[in-house]
Amino acid sequence: MGRYITRRLIALIMVLLVVSAITFVLEHAVPGGPFDREKPLPPEIKANLERRYHLDEPYWKQYARFLNDVMIPHLTTQPPDGSIESDYLINVHIGPLYFLWMNFGPTISSKTRTVNDIFRQQLPVSFQLGIMAMMVAILLGIPLGILAALKQNTMFDYMGMGLAIIGVSIPVIVLGPLMVWIFGVELKLLPPSGWGATPPYRLGFLPQSFGWEYFKYAIMPAIVLGLGSSAVIARLTRATLLQVVREDYIRTARSKGLEERLVITRHALKNSLIPVVTVLGPMFAALVTGTFVTELIFGIPGMGRYFVTSITNRDYPVIMGTVLLYAFFLVVANLVVDILYAYLDPRIRYD
Amino acid sequence: MTAQTETKPAGLTASRSPLTYKRENLWQDAFRRLLRNRAAVIGGVIVILLALVAIFANLIAIMPYDKQTLPDQNKVPLYMGKLFPSMIPYMKVSDKYPLGADYVGRDIFSRIVYGSRISLSIAIIGPLISLFVGVIYGSISGYFGGRVDNLMMRFVDVLYAFPGLLFIILLMAFFRSSFADPEPGTLRFALSQLDAKMGGMLFIIIGIGLTAWETMARVTRGQVLSVREKEFIEAAHALGISDNRIMFRHILPNIIGPLVVIETLAIPGYIALEAFLSFIGLGINPPTPSWGAMIADGARSIRTYPNQAIFPALALAITMFAFNFLGDGLRDALEPRLRGNQ
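Small disclaimer: the values here were computed from a predicted structure and weren't measured.

Scanning chain A from N- to C-terminus turns up 14 helices and 3 strands. Buried residues in chain A amount to 38% of all 351 residues.

This part takes up the overall build of chain B. Within chain B one finds 14 helices and 0 strands. When its helices and strands are written in sequence order, chain B yields α-α-α-α-α-α-α-α-α-α-α-α-α-α. Across the 342 residues in chain B, those meeting the buried criterion constitute 40%. Across chain B, contacts joining residues at least 24 apart in sequence account for 71% of those joining residues at least 6 apart.

Judged by nonpolar contacts, the single largest core of 163 residues is most densely connected at Ala327 of chain A together with Tyr270 and Ile295 of chain B. Counting residues per element, this core draws most heavily on helix H12 (residues 243–279) of chain B, which supplies 17 residues. Mapping this core onto the domain boundaries places at least three of its residues in each of domain 1 (2–117) and domain 2 (122–308 + 333–344) of chain A. For Ile295 of chain B, the contacting residues outside a window of four places in its chain are Ile173, Val174 and Pro177 of chain A together with Phe279, Ala309, Pro312 and Ala313 of chain B.

All names here are of chain B. Here chain B shows a mean pLDDT of 79. Residues at 70 or above account for 87%. Counting contacts from residues 1–15, a segment whose pLDDT is below 50, to residues more than four positions away or on other chains yields 3 contacts. In the model output, the complex is listed with pTM 0.80 alongside ipTM 0.76.

Residue and element names in this part refer to chain A. Although it is not a glycine, Lys188 sits at a positive phi angle of roughly 55 degrees. With respect to the helices, strands and loops of the structure, Lys188 is situated in the loop between helix H7 (172–186) and helix H8 (212–244). Given 9 C-beta atoms within a 10 Å radius, Lys188 is considered exposed. Backbone geometry at Arg314 places phi at a positive 55 degrees, although glycine is not the residue there. If you trace the backbone, Arg314 turns up in the loop between helix H13 (304–312) and helix H14 (316–344). Residue class for Arg314 comes out buried when judged on the 23 C-beta atoms lying within 10 Å of it.

Right, let's get into the interface of chain A and chain B. Taken together, the 39 residues of chain A in the interface contact 38 residues of chain B. Listed by contribution, the elements that provide at least two residues to the side of chain A that touches chain B are helix H1 (2–29), helix H6 (155–169), H7, H8, helix H12 (292–298), H13 and H14 of chain A. Among the residues forming the side of chain A that touches chain B, the class breakdown is 30 nonpolar, 5 polar and 4 charged.

Residue and element names in this part refer to chain A. Of all 5 residues in strand S2 (residues 90–94), 0 are buried, a share of ten percent or less. Across 5 bridges, the pairing between S2 and strand S3 (residues 97–101) is antiparallel. What sits directly across from His93, in S3, is Tyr98. The antiparallel pairing of S2 with S3 creates a hairpin that spans 2 residues between the two strands, and Gly95 there sits at a positive phi of about 55 degrees.

Thresholds, definitions, all that
- Residues numbered from 1 in each chain as written.
- Chains lettered and ligands numbered in written order.
- Predicted model: local features only at pLDDT ≥ 70, side-chain atom pairs only at ≥ 80, totals over all residues.
- Helix = DSSP H or I, 4+ residues; strand = E, 2+ residues; numbered from the N terminus.
- Buried ≥ 20, exposed ≤ 12 C-beta atoms within 10 Å, placed from the backbone.
- Contact = placed C-beta atoms within 7 Å.
- Core = buried A, V, L, I, M, F, W, Y, C linked by C-beta atoms within 7 Å.
- Domains from an automatic or database assignment.
- pLDDT = per-residue confidence, 0-100.
- Nonpolar A, V, L, I, M, F, W, Y, C, P; charged D, E, K, R; others polar.
- Pairing = 2+ DSSP bridges.

Okay, structure coming up:
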């Protein structure tokens, strides 16, 4: 297992390297740079700005600079000078030594912010939204799936699966405005836009307080974002549970006189949730990285909009940062799932 | 003995003998099962109706989709007051527009009718590209196996980790760049011109093509791997049949069922992707109507004129329902084993 994980971690780093290389090539292949305007800047100013962000260097040097700043950890006795050039995401002080890692550099579109500032201030918001959407998906999907499976071919089953189809059929761009209109405008129950937490965050990503003031902003976006996934979970839970209750060991459990409730909760459910757990990983990655439209509709100050604006602004460090972050989320989620799978299902061995 | 044969019970007459069953191939059988599924039939009927609307959009629409009548902006028919009571104090009534007029006075009904063309072309083209690229890639990878397979699948793995949306946005930035207009004669220029002529469809299609084939390639590879080891393929090899022929005549017909099902279930995803791109302003060029762009326009004034967002949203939702029901029914009819995995 240890060897397997090591091998996967090395593969993970390779994937991130390849992704960063592809991104670098693509972003520089696109015509126009960060300082191209409708009305061109004077050439001297443009040249100065490009020198400031090292855009005048040859491409190989720019990529090497990126690798050195982001990928390679540094161990120095010098503390970082606090300028926006040396803003490290991981900045640990051990005795006389400083462990510095992951400097994504300053953003081009703002004079004072770094990419790491975006990670610190906007990413937690998207992360919170993703977690809550995930909770909506699980708390809605699993019970619905169980109910549909236990009452197979009854009204419950048909209604549950009908709801699931509705869930996957209504895109966020339809459900979002609809909910804003119904609950935000007509009924005035919930605020139609905004977010209930601001930096600094507890532990780097949690809001300072969990009150109604916080949740009233999160309810609608979390439901909008999580509904589609809850439908997927419900269908999967139903299908696997139906398969499991036909297995021999369930018949054994029943025939030894075990109470039906215990047969389901202790024997059937435990095994039928294995495939469900394994889809949760990629689903979580998709939810955290897919918050973009939800944030747009509900005016939430999250990560999502940087993803699009960075490309239209040709803000190279931000493009690189967001792409690597999303790729990192996806590969880590897949790795966690594979490890979890071996843990949950002892028949699977990785060697 | 002879007497016995002559008096055999009616149930064993020739018409019931297994040899004279009406011969049905897989597709006829699946179609019969599909017709028994009520939800799938409803979905199919809606899809056919939508196709008719899209084909005859110019006959159904009551005015051109881009005809602006500025004095009529935001006007609504009288019955809207009943649907949206909050609109009554400020609504301007005009019966010229069945679903109201938008913020520049274009008829929303006609725009929804024309918008069906975009969504349905995506529903047709998306699966075609994804099947074409994914099946070829996946079957090469699965059929040859070994190092080729390993290399090809690692490439897919890397693409999987790459946010698909980024590809599409970069593509749009590359071809629709405002700072660097391409010079005539270059490929970029030709593609940009073609895209503009198609109202922005070209790059959406390319974008879907770039991102949608990966799943297909993986599934195809898995299917090919499982069929490859069967005896009839071995027999084909023994007969000296060429690789190409084995692939297209022996392997592909055996795996096409699950591929079709997965692709049908993916259609709502393509429709949603187009709507999403148009929603964020990277899809269909205005004034060509796309439901996504109409929802985006309407969402801006949802507090005052909810009808402008809700009707295109309904059109989009109904279309996605229909395709989902149809895909579900097709799966149950063709590949019941896939149930729950998709």
